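Coordinate inspection notes
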Amino acid sequence: MPAILVENLTRIYETTTGVIRRKKKEITALDEIDLTVEAGELFGLLGPNGAGKTTLTKILATILLPTSGTVRVLGMDAVAQEKELRHRLGILFGGERGLYWRLTGRQNIQYFADLYRVPPAEVKSRVPELLELVGLSDRADERVEGYSRGMKQRLHVARCLIHDPDVLLLDEPTLGLDPVAAREIRGIIRGLNDQGKTVFLTSHYMFEIDALCERVAVLNKGKILMVDTPSALKDLVADLEVVEIECLGAPANVLEDLRQHPRLQDMRVETREHKQILHLQAPAGSELVQEFLQILKEVRVEKVITRQPTLEDAYVRLVGEEALHI
């Protein structure tokens, strides 16, 4: 039995536009998607902001109702059997909400243990175990208001594990964290999966999905574009090399001339402070460097490197460069 089975799932929101003449408008957040996650799998959902990742996670978590379609988690209907299902799910949306800042870290976990009706005898042993797991034992009796963002996120992880759930739904758990805190969270997630937990992880960080997940679905504009392993996604661009050119002040007409190169497959322009990083995808890209530089001869070029394509390059090919800027 799959841990998660989604069939023909659609979710439509109704909103209004205008100030004087208000009109109703429908927004399709999820558009007839199908998805299967096996028990014990660490599955990633990758997509830009606004793709529908959080909407899908909330439906799996029984927080939102689908407009149509069926969702089964651990064999239970997410709509008809929501009460039974919630006790077997660990849900993490993170951020600044969901914790009580005037309580200590230990009191927060004990409070949620009471909400899930965890037997007192289990709470006594499980709370210190979870605090140790997320590295908060030495700060457990301090108020959460004094915690850093990374510490709060680790406490979120402990909170969602207090009732020993079978499936973890983690929605962008490292969003906004510094590199060290994000690495700690990824280590915890990997360890939980090694213990046999099914993990459904959403992110728009390509390297995170690549490092953690056995399979990944790419979601964009409410539709699933592809479901496969990260390495299979990278095979989409296996025929290409990437040339990265760091330069200053490349004018629009020069960039357009570069885009018109007959062997260029894709070009993405990234701005970092006052510099431009040109990501050029082309067959045998290293052999074309001199041709690219000839087009940029009037531009100050500071660095040129060639590399093999990454998951991000495959993602750009699937969803388009504009998705990186949503």
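The paragraphs below set out a description of the structure included in this document.

Rules and cut-offs
Residues numbered from 1 in each chain as written. Predicted model: local features only at pLDDT ≥ 70, side-chain atom pairs only at ≥ 80, totals over all residues. Heavy atoms only, no water. Helix = DSSP H or I, 4+ residues; strand = E, 2+ residues; numbered from the N terminus. Pairing = 2+ DSSP bridges. Axes fitted to C-alpha atoms, helices over the stretch in contact; angles between N-to-C directions. Contact = heavy atoms within 4.5 Å. Polar contact = N/O pair within 3.5 Å; in protein donor to acceptor, adjacent residues only side chain to side chain. 1 Å grid on protein atoms, 1.4 Å probe; cavity = no way out; pocket = protein on both sides within 12 Å on 5 of 7 lines; lining within 4 Å. Points joined across faces, edges and corners; volume = space filled by probe spheres on them. Parallel < 35°, antiparallel > 145°, perpendicular 65-115°, else oblique. Left-handed = near helix turned anticlockwise from the far one by under 90°. Nonpolar A, V, L, I, M, F, W, Y, C, P; charged D, E, K, R; others polar.

Let us now look at the environment of valine 144. Tracing the sequence through the fold places valine 144 in the loop between helix H4 (120-133) and helix H5 (149-161). Separated by 38 residues in sequence, valine 144 and arginine 106 place their C-alpha atoms 9.4 Å apart.

Right, let's get into the sheet that holds strand E8 (residues 198-203). Ordered in space as E6-E7-E8-E3-E9-E10, the six strands form an open sheet in which the pairing is mixed. The sheet is open, and its two borders are formed by strand E6 (89-92) and strand E10 (223-228), each paired with just one other strand. Geometrically, the sheet is characterised by an average inter-axis angle of 15° between neighbouring strands, direction not taken into account. Strand direction decides the pairing type here: strand E3 (residues 42-46) and strand E9 (residues 215-220), joined by four bridges, are parallel. Within the sheet, the bridge partner assigned to phenylalanine 43 lies in E9 and is arginine 215. Running over the sheet, helix H1 (residues 53-60) touches E3, E6, strand E7 (167-171), E8 and E9 and is turned about 155° from E8. Of the strands in this sheet, E3, E7 and E8 are in contact with helix H6 (residues 179-194), which crosses E8 at around 150°.

Let us now look at the side chain of arginine 154. Within the secondary structure, arginine 154 sits in helix H5. Engagement of the side chain of arginine 154 in a polar contact is seen with the side chain of glutamate 184, the distance being 3.5 Å.

We now examine empty space enclosed by the protein. Counted under the stated rule, the structure contains one cavity of 30 Å³ or more. By volume, the largest cavity amounts to about 30 Å³. As for the largest cavity, its lining consists of Asp266, Arg268, His279, Leu280, Gln281, Asp313 and Val316. Broken down by secondary-structure element, the contributors of at least two residues to the lining of the largest cavity are strand E12 (266-272), strand E13 (275-282) and helix H11 (311-319).

Running from N to C, helix H3 (residues 105-115) and H4 cross one another at 135°; their axes reach a closest spacing of 10 Å. In terms of orientation, H3 and H4 fall into the oblique class. As for how H3 packs across H4, the hand of that crossing is right-handed. Together, Arg106, Ile109, Gln110 and Ala113 of H3 and Val123, Val127, Leu130 and Leu131 of H4 make up the contact between the two elements. Here the contact of H3 with H4 is composed, by residue class, of six nonpolar, one polar and one charged.

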